[in-house]
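Residues per chain, in single letters:
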Amino acid sequence: MSFEKLPLVGLNRDEIAETLQLVGIPIRHIQMRVRQLWHWLYVRGASSFDDMFNLSKELREKFSEDFSITRPKIMTDRISKDGTRKWLLRFSTRGNAFPVEIETVYIPEKERGTLCISSQVGCSLTCSFCHTGTQRLVRNLTAEEILLQLLVARECLGDFPGRNIPDNAIVPVKGRKITNVVVMGMGEPLYNFEAIKKALLIISDGEGLSLSKRRITLSTSGVVPGMYRTGKEIGVMLAISLHATDDALRNRLVPINKKYPLAELMDACRNYPVLRHRITFEYVMLKDINDSADHARKLVDLLKGIPAKINLIPFNPWPGTNYQCSDRQRIEQFAAIVNTAGYASPIRTTRGNDILAACGQLKSLSRSASKKMSD
Ligand code: SAH
Ligand code: SF4
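From a predicted model like this one, the values you see are computed outputs, not experimental measurements.

How should I be thinking about the overall build of the protein in this particular structure?
When helices and strands are counted, the protein shows 11 helices and 13 strands. Computed over its C-alpha atoms, the radius of gyration of the protein comes to 22 Å, within 12% of the 21 Å expected for a compact globule of 375 residues. Across its three principal axes, the protein shows a C-alpha extent of roughly 70 × 50 × 40 Å. Every one of the 375 residues in the protein was classed for burial, and the buried ones make up 54%. Excluding contacts between residues fewer than 6 apart, the proportion of contacts in the protein whose partners are at least 24 apart in sequence is 66%. Accessible area for the protein stands at about 16900 Å²; split by element, carbon and sulfur atoms hold 51% of it.

Structure, rendered in structure tokens:
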């Protein structure tokens, strides 16, 4: 029978302490060992116990036998003409018969670098303009797998102390290579709340990866019950995939709207506990569907009383879609109306289109176990 090593990445400090106790580390040493491991894993980005030179050789060997801190397999690593980079990662997680694959995207700009991470393999929702929505939900990612996306990306970009920046890395001119994290990849994060919460609390931990909560944004299609908890228990910035200003259209574009209609969604936004910062509303520009001046005015009405920023996202086509992106002039007219009403309304630059890394284009070939068995 094969013995499965215990995963360490993704555990909070108390859980690491419990795990250390399980493998017989003396109680009096536990707090010190937790501190050491936390530092190696999250400040230094160690992926092997051999690197942990302030632990004795015996302890390094023991930890290697008992614990796993291995990285997922990088199946593909593609860099777009514009520097956007996309990794396809394969996780063959414990006890799971089928390995799963997910995509993680890095978007470098001059003064910042944003990592877009996935929360699920596939998605149980079926937004009609989203490529991920055509793929069934295979499973939730674990906190470990969510975190590993950031660890792998920082490793590939030379973003841990003492590491060199690899020749092929396109990164901001100075400072950290990953300054922002957005949970806008595959999946609906609020349908995987506990794992996302754990991972984001570790990402924002000041003695580890140390990314400010103001630089972490979680995007939801509108899972109302999870929104308040996101503010209260995680405290990160919130983005809402709005895309429509009336229930009839939103039901068609973002079907979860039938469960949590606009009035409830907007109330949840007004009650978001971190409201001193603006909420971002994402609005995908779909030609002749949601892009008229009238829609723009309705959007302004809808947002009254909410500190908001509206991100206009040009629709990114994918093989098989029936939607088209609005004309540039339409998008600009829309932006101008929203902007005149006092809201920032940047038009998102499409990045990484040539490697299918833009918003809504992510998809993996992982299939659900049930599908596989019936093949
Ligand atoms: N499931 C979450 C987060 C992932 S989607 C959510 O829906 O919010 C990240 C953003 O990309 C969402 O606003 C989503 O609506 C948008 N998006 C999806 N498909 C798109 C496409 N084809 N073109 C442009 N944006 C898209
Ligand atoms: Fe899922 Fe978000 Fe895509 Fe909708 S837009 S199908 S919620 S990933």
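So much for the structure itself; the text now carries on.
So what exactly am I meant to see when it comes to the site of ligand 2 here?
Neighbouring residues of ligand 2: C123, L125, C127, C130, G133, G187 and S221. The residue inventory of the shell around ligand 2, partitioned by class, reads 4 nonpolar, 3 polar and no charged.

Is there a simple way to explain the packing of helix α4 (residues 143-156) against helix α5 (residues 193-203) in this structure?
Relative orientation and spacing of two packed helices are given, respectively, by the angle between their axes and the distance between those axes. As a packed pair, α4 and α5 sit with axes 8 Å apart at the nearest point and diverge in direction by 40°. Classified by the angle between their axes, α4 and α5 sit oblique to one another. Considering only the axes of α4 and α5, their crossing is right-handed. Here A143, I146, L147 and L150 of α4 come into contact with α5, specifically with A195, I196, K198, A199, I202 and I203. Across the contact of α4 with α5, the residue classes tally to 9 nonpolar, no polar and 1 charged.

Would you mind going over the pairing of strand β11 (residues 237-241) with me for this structure?
Every other side chain in a regular strand lies on the same face of the sheet, so the side chains alternate between the two faces. Burial analysis of β11 places 5 of its 5 residues in the buried class, the great majority of the element. Across 4 bridges, the pairing between strand β10 (residues 216-220) and β11 is parallel. Note that in β11 the partner of S219 across the bridge is A239. Read as a crossover between parallel neighbours, the route from β10 over helix α6 (residues 224-234) to β11 is right-handed.

Looking at this model, I keep getting lost on the environment of I306. Mind explaining?
In this fold, I306 is placed in the loop between α9 (293-302) and β13 (308-314). Residue I306 is classed as buried on the basis of its relative accessible area of 3%. Once the C-alpha coordinates of I306 and D267 are considered, the two residues, 39 residues apart in sequence, prove to be 9.6 Å apart.

What exactly am I supposed to notice about the pairing of strand β3 (residues 73-79) here?
Note that β3 and strand β4 (residues 85-91) share 6 bridges and pair antiparallel. Residue pairing for β4: K73 is matched across the bridge by R90.

When you look at the site of ligand 1 in this model, what are you seeing that I'm missing?
Around ligand 1 there are 20 residues in total, and G187, S219, S241, H243 and N316 lie nearest to it. Within the side chain of S241, a nitrogen or oxygen atom sits 2.5 Å from an oxygen atom of ligand 1. In the model, an oxygen atom of ligand 1 is placed 2.6 Å from a nitrogen or oxygen of the H243 side chain. Counting residues per element, the ones that place at least two in the shell around ligand 1 are β10, β12 (279-285) and β13.

Teacher, can you tell me more about the packing of α9 against helix α10 (residues 328-340) here?
Relative to each other, α9 and α10 sit at 30°, their axes nearing to 9 Å. Of the possible angle classes, the one that applies to α9 and α10 is roughly parallel. Between α9 and α10 the crossing geometry is right-handed. Two secondary-structure elements touch here, α9 through A293, H295, A296, R297, L299 and V300 and α10 through Q333, F334, I337 and V338. A breakdown of the residues in the contact of α9 with α10 according to their chemical character gives 7 nonpolar, 2 polar and 1 charged.

Is there a simple way to think about the confidence of the model for the protein in this case?
Close reading of the predicted structure is inappropriate where its pLDDT is low. Chain-level pLDDT for the protein is 91 on average; 93% of the residues reach the 70-or-more range. Low confidence marks residues 368-375, where pLDDT is under 50. Its contacts with residues over four positions away, or in another chain, come to 8 contacts.

Procedures and definitions
- Throughout, residues of each chain are indexed from 1 in the direction in which the sequence is written.
- Chains carry letters from A onward and ligands carry numbers from 1 onward, assigned in written order.
- The predicted nature of this model means local features are confined to residues of pLDDT at least 70 and side-chain atom pairs, given and counted, to a pLDDT of 80 or more, with totals for whole chains, interfaces and linings taken over all residues.
- Hydrogens and waters are ignored; side-chain quantities use all the structure's heavy atoms.
- Helix and strand assignments follow DSSP, with helices taken as H or I runs no shorter than four residues and strands as E runs no shorter than two, numbered in order from the N terminus.
- The quantity called the radius of gyration is restricted to C-alpha atoms. Its globule counterpart is 2.2 Å times the number of residues to the power 0.38.
- Here the term buried applies to any residue with accessible area under 20% of the maximum for its type, exposed to any over 50%, and partly exposed to those in between, with areas from a 1.4 Å probe on protein chains only.
- Any two residues whose heavy atoms approach within 4.5 Å are treated as being in contact.
- For the accessible areas, the method is Shrake-Rupley and the probe is 1.4 Å, while residue cover comes only from the protein chains on display.
- For this description, a residue counts as near a given molecule or strand if any of its non-hydrogen atoms is within 4 Å of it.
- Under the scheme applied, nonpolar residues are Ala, Val, Leu, Ile, Met, Phe, Trp, Tyr, Cys and Pro; charged residues are Asp, Glu, Lys and Arg; polar residues are all the others, including Gly.
- Only the contacting stretch of a helix is used when fitting its axis, a line to C-alpha atoms as for every element, and angles between N-to-C directions run 0 to 180 degrees.
- Small angles under 35 degrees read as roughly parallel and large ones over 145 as roughly antiparallel, with 65 to 115 read as roughly perpendicular and the rest as oblique.
- By convention, the crossing between two helices is left-handed when the near helix turns anticlockwise from the far helix through less than a right angle, and right-handed when the turn is clockwise.
- Only when DSSP finds a minimum of two bridges between them are two strands counted as paired.
- By convention a crossover is right-handed if, when the strands point away from the viewer, the path from the first strand over the helix to the second runs clockwise.
- N or O atoms within 3.5 Å of each other form a polar contact, as long as, within protein, one can give a hydrogen and the other can take it, and as long as residues adjacent in sequence are counted only when both atoms are side-chain atoms.
- In predicted models, pLDDT denotes the confidence assigned by the predictor to each residue on a 0 to 100 scale.

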